[in-house]
Amino acid sequence: MTPATPDSQPARAYRGVSPEERRAQRRSKLIAAAIAVYGERGYRQATVKAVCEAAGLTERYFYESFENSEDLLITSYNAVTYQVFGEIAAAGQAAGKTRGDKGRAMLKAYFAALQRDPLSARVFLVEIRGVSRAVDKAFDASLRAIGHEVARYAAPGAAGDELLQAGIVGGVMHIALRWIEQGYQPSLDSVTETALRLGMVLAAPAPRRKPAASAAG
């Protein structure tokens, strides 16, 4: 029987941690480092080397998990987005029965998350835009998911209308950008109420049109 070569030997656990777990840990470190570096410097001013240094890893481990910087940007964006998305959904589920109560809770959770972690907020709102077609697709997919969730809990008038959902989510994001530029002023409760007013108006059922009067015979 031919002895196994070093390349064919199964990878061994190190200090009780499997190779797969170690790789997942390195990947998580790189994502967390990317969010911090992109948030501080901006994506276009960040390098693979800078991200790896922030993660305490060599560039060899970067390419173990990611094809390039754009791949890491998309992954980092999705990590931030779907964490916030989970908080928004949970707030909607736990809120009162009216769409106003649910909308207020979801918006407050959204703005609170942005205020709590400014670096992630920059990745979520600023650094994702205009990088490439692939990045734009990731951005669009997240907006659609958030729009569906908002319609499900707080804006039934927008259910099934993706254009209206996009308008609501886009409007709230613009409010968030201006709020961040103003140093998170006015207060969390105030910006929540402003965004709620916008959402309630846009999501209100369209008024029924009266049938046109027939011409006199």
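This text goes with the structure placed above it.
Within each chain, residues carry numbers counting from 1 in the order of the written sequence. In view of the model being predicted, local features appear only for residues whose pLDDT reaches at least 70, and side-chain atom pairs are presented and counted only at 80 or more, with totals across whole chains, interfaces and linings using the full set of residues. Side-chain numbers come from the whole structure's heavy atoms, not from hydrogens or water.

A. Representation of the packing of helix H5 (residues 99–116) against helix H8 (residues 162–181). At a closest axis distance of 11 Å, the pairing of H5 and H8 adopts a crossing angle of 35°. For the pair H5 and H8, the sense of crossing is right-handed. In this structure, H5 contributes Leu-107, Tyr-110, Phe-111, Leu-114 and Gln-115 to the contact, and H8 contributes Val-172, Met-173, Ile-175, Ala-176, Trp-179 and Ile-180. Axes here refer to lines fitted to C-alpha atoms; in helices the fit is confined to the stretch in contact. Angles between the N-to-C directions go from 0 to 180 degrees. Helix and strand definitions here come from DSSP, where helices need a minimum of 4 consecutive H or I residues and strands a minimum of 2 consecutive E residues; each element is numbered from the N-terminal end. Left-handed is the label given to a crossing in which the near helix is rotated counterclockwise from the far helix by less than a right angle, and right-handed is the label when the rotation is clockwise. Here, residues are in contact when the closest pair of their heavy atoms is within 4.5 Å.

B. Representation of the nonpolar core within the structure. Residues belong to a common nonpolar core when they are buried Ala, Val, Leu, Ile, Met, Phe, Trp, Tyr or Cys residues joined through side-chain atoms within 4.5 Å. Buried means the residue's accessible area, taken with a 1.4 Å probe over protein chains only, is under 20% of the maximum for its type, while exposed means over 50%, and partly exposed covers the values in between. Counting residues in each nonpolar core, the largest one holds 60 residues, and the members touching the most others are Tyr-38, Tyr-110, Phe-111 and Phe-124. Excluding residues within four positions of it along the chain, Phe-111 makes contact with Val-172, Ile-175, Ala-176, Trp-179, Leu-188, Val-191, Thr-192 and Ala-195.

C. Examining the layout of surface pockets more closely. The way it works is a 1 Å grid over only the protein atoms, where trapped points that fit a 1.4 Å probe form a cavity and open points with protein on both sides within 12 Å along at least five of seven lines form a pocket, and then any residue with an atom within 4 Å of a point lines it. Grid points are joined across faces, edges and corners, and a volume is the space filled by probe spheres set on the points. Taken as a whole, the largest pocket spans an internal volume of roughly 160 Å³. Sort the elements by how many residues they give to the lining of the largest pocket and H8 lands first, with six residues. Partitioned by chemical class, the residues of the lining of the largest pocket number four nonpolar, three polar and three charged. When residues are grouped by polarity, Ala, Val, Leu, Ile, Met, Phe, Trp, Tyr, Cys and Pro land in nonpolar, Asp, Glu, Lys and Arg in charged, and all others, Gly among them, in polar.

D. Inspection of empty space enclosed by the protein at higher detail. Following the criterion strictly, the structure yields one cavity of 30 Å³ or more and no others. Of the voids in this model, the largest cavity is the one considered here, and its volume is about 290 Å³. What lines the largest cavity is a set of 21 residues, and nearest its centre among them are Met-106, Leu-107, Val-150, Ile-168 and Val-172. Put simply, the parts of the chain that give the lining of the largest cavity at least two residues each are helix H4 (69–94), H5, helix H7 (133–153), H8 and helix H9 (188–203).

E. Geometry of unusual backbone geometry. In this structure, the amide linkage connecting Gln-185 to the following residue, Pro-186, adopts the cis form with an omega of 5°. Secondary-structure assignment places Pro-186 in the loop between H8 and H9. The backbone phi angle of Tyr-184 is positive, close to 60°, even though this residue is not glycine. Along the chain, Tyr-184 turns up in the loop between H8 and H9.

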